[in-house]
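# A closer look at the structure
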Amino acid sequence: MSKPAVFFDLDYPSALQAARAEGKWLVVDATAAWCGPCKAMDRTSWIDPVVAAWIAQHAIAIQVDVDAEPATAKQLEIRAMPTVIAFREGIEFDRSVGLKQPNELLSWLDGLLRGETALARLRVEAAQQPTGMMGRMSLARALANGGKVDEATDEYAWLWQHMLEHEPAMLGVRASFMLAEIADLAGRHGPARTRFSALRDAAAPTHESLDADRLGDWMLLNQALGEPQRTLDWFDRERQRLASDAKLSPLLETTLIPLLVEGERWADAGALYADPVNSVKQHHQIITQVTGLRPSGMDDATFDEVRRQVVEQFQKTARQVHRCLIAAGRRDDAGKVESVVRVLDPTVSFE
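Computed from a predicted structure; not experimentally measured.

In this model, Met-81 is joined to Pro-82 through a cis peptide bond whose omega is -5°. Along the chain, the position of Pro-82 falls in the loop between α4 (70-75) and β3 (83-88). A positive phi is found at Glu-89, a non-glycine position, where the angle reads about 55°. For Glu-89, the location among the structural elements is in the loop between β3 and β4 (91-97). Located in the positive-phi region is Glu-264, a residue other than glycine, with phi close to 60°. Here Glu-264 is to be found in the loop between α13 (249-262) and α14 (266-270). The class of Glu-264 is exposed, set by a relative accessible area of 58%.

Below, the structure is given as structure tokens:
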């Protein structure tokens, strides 16, 4: 697929030199052929007439494919796509990470002319709404992406400890997107690793009692710190006690089963499903939720790709549950799962 017309066919050093010579901004869009949000911006934001007019007047814009130009991607410290970086006089002024609709991208570009950075705006918004968890998470992400790793560590640690006090509905976000961001930060900043190791250790389970919330945090932080074997070793010691504690079943299914599957411990995973039929049904409901919650401004191609990925994930999950149950000797439950899945999605094969 060809680049949107707004982008010059220049490498990064040449574009940097040209922008400085013309007294313009340099706008670099870091992208990848496999990046769905990047393709969505190519189809929408980067061909928007108002955005194109802004670039033509104020900037030289280029795209950098992170796979084709790994040295440049490393130099620019690209950690997620799409990332758009604005340079003034050869010096980075600001960067924006994530999918931006045309109006959002234009707002960011206009802010450059006023000397505003996305990080400064996020700081103000977080100060005005200190209990707005999405805003504070955006601030933490911007701090991390902008190299302010000590501040990012403080912000992510606060969010980890207090997010659910203010917005319990953020449970899923905390255990997925935010956890991945914490893992990235801890992987490249020693003090962040130390901070989250301490939080992990403080939540460690004891032989005397098991608190589901603390246990969940311990497992998740083991994952973020790249130490899943701690969780598996604990499971091997405590599996008999876990089998008799029904209250822990939802936690074990979402946090422990994926680790066991990754290690191809199919029978151990299969023994942990409390209600495998309901589990499969809940996974299928995600397809309906995605279909009904299409964001405004999302183009058809992007929406179709998102839905395709969700459907494929359901199919993978259904086959995984079935395989684990068979390995655990739960053939009756496996048969029930197969029957339900064939109604939900007849294309799923269990062979």
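That was the structure; now back to the text.
Now for helix α6 (residues 118-128). Within the span of α6, buried status applies to Ala-118, Leu-119, Leu-122 and Ala-126. All buried residues of α6 fall inside an arc of 90° around its axis, so they share one side. Of the exposed residues in α6, the ones pointing more than 90 degrees away from its buried face are Ala-127 and Gln-128. In the core, the buried residues of α6 are packed alongside β4, α5 (102-113) and α7 (133-145).

Volume-wise, the second largest pocket comes out at about 1600 Å³. The wall of the second largest pocket is formed by 41 residues, among which Glu-253, Thr-254, Thr-255, Pro-258 and His-283 lie closest to the centre. Elements represented by at least two residues in the lining of the second largest pocket include exactly α9 (171-188), α11 (212-224), α13, α15 (276-292) and α16 (300-327). By residue number, the principal contributor to the lining of the second largest pocket is α13, which donates 11 residues.

Taken as a whole and assessed by the stated rule, the structure comprises four aromatic pairs. Ring centres of Trp-218 and Trp-234 lie 5.9 Å apart, and the angle between their planes is 70°; on these two criteria the pair is classed as edge-to-face. A residue pair is termed long-range when its members are at least 10 positions apart, and Trp-218 in helix α11 and Trp-234 in helix α12 (residues 228-243) qualify at 16 residues. Here Trp-218 and Trp-234 have matching classes, each one buried. For the cation-ring pair, Arg-136 lies above Trp-158, with the distance from its terminal atom to the ring centre recorded as 3.7 Å. The aromatic ring of Trp-266 is capped on one face by Arg-323, whose charged end is 3.9 Å from the ring centroid.

What follows covers α12. Arg-237 marks the point of greatest bend in α12, at about 65°. Thr-231, Leu-232, Trp-234, Phe-235, Glu-238 and Leu-242 are the residues of α12 that are buried. Of the surrounding elements, those touching the buried residues of α12 are α11, α13 and α14.

What counts, and where the lines are drawn
Residues numbered from 1 in each chain as written. Predicted model: local features only at pLDDT ≥ 70, side-chain atom pairs only at ≥ 80, totals over all residues. Heavy atoms only, no water. Helix = DSSP H or I, 4+ residues; strand = E, 2+ residues; numbered from the N terminus. Buried < 20%, exposed > 50% of the residue type's maximum accessible area, 1.4 Å probe, protein only. Arc of directions from axis to C-beta. Contact = heavy atoms within 4.5 Å. 1 Å grid on protein atoms, 1.4 Å probe; cavity = no way out; pocket = protein on both sides within 12 Å on 5 of 7 lines; lining within 4 Å. Points joined across faces, edges and corners; volume = space filled by probe spheres on them. Phe/Tyr/Trp six-rings, centres within 6.5 Å; stacked < 30°, edge-to-face > 60°. Lys NZ or Arg CZ within 6 Å of the ring centre and 35° of its normal. Bend = angle between axes of the 7 residues up to and from the residue.

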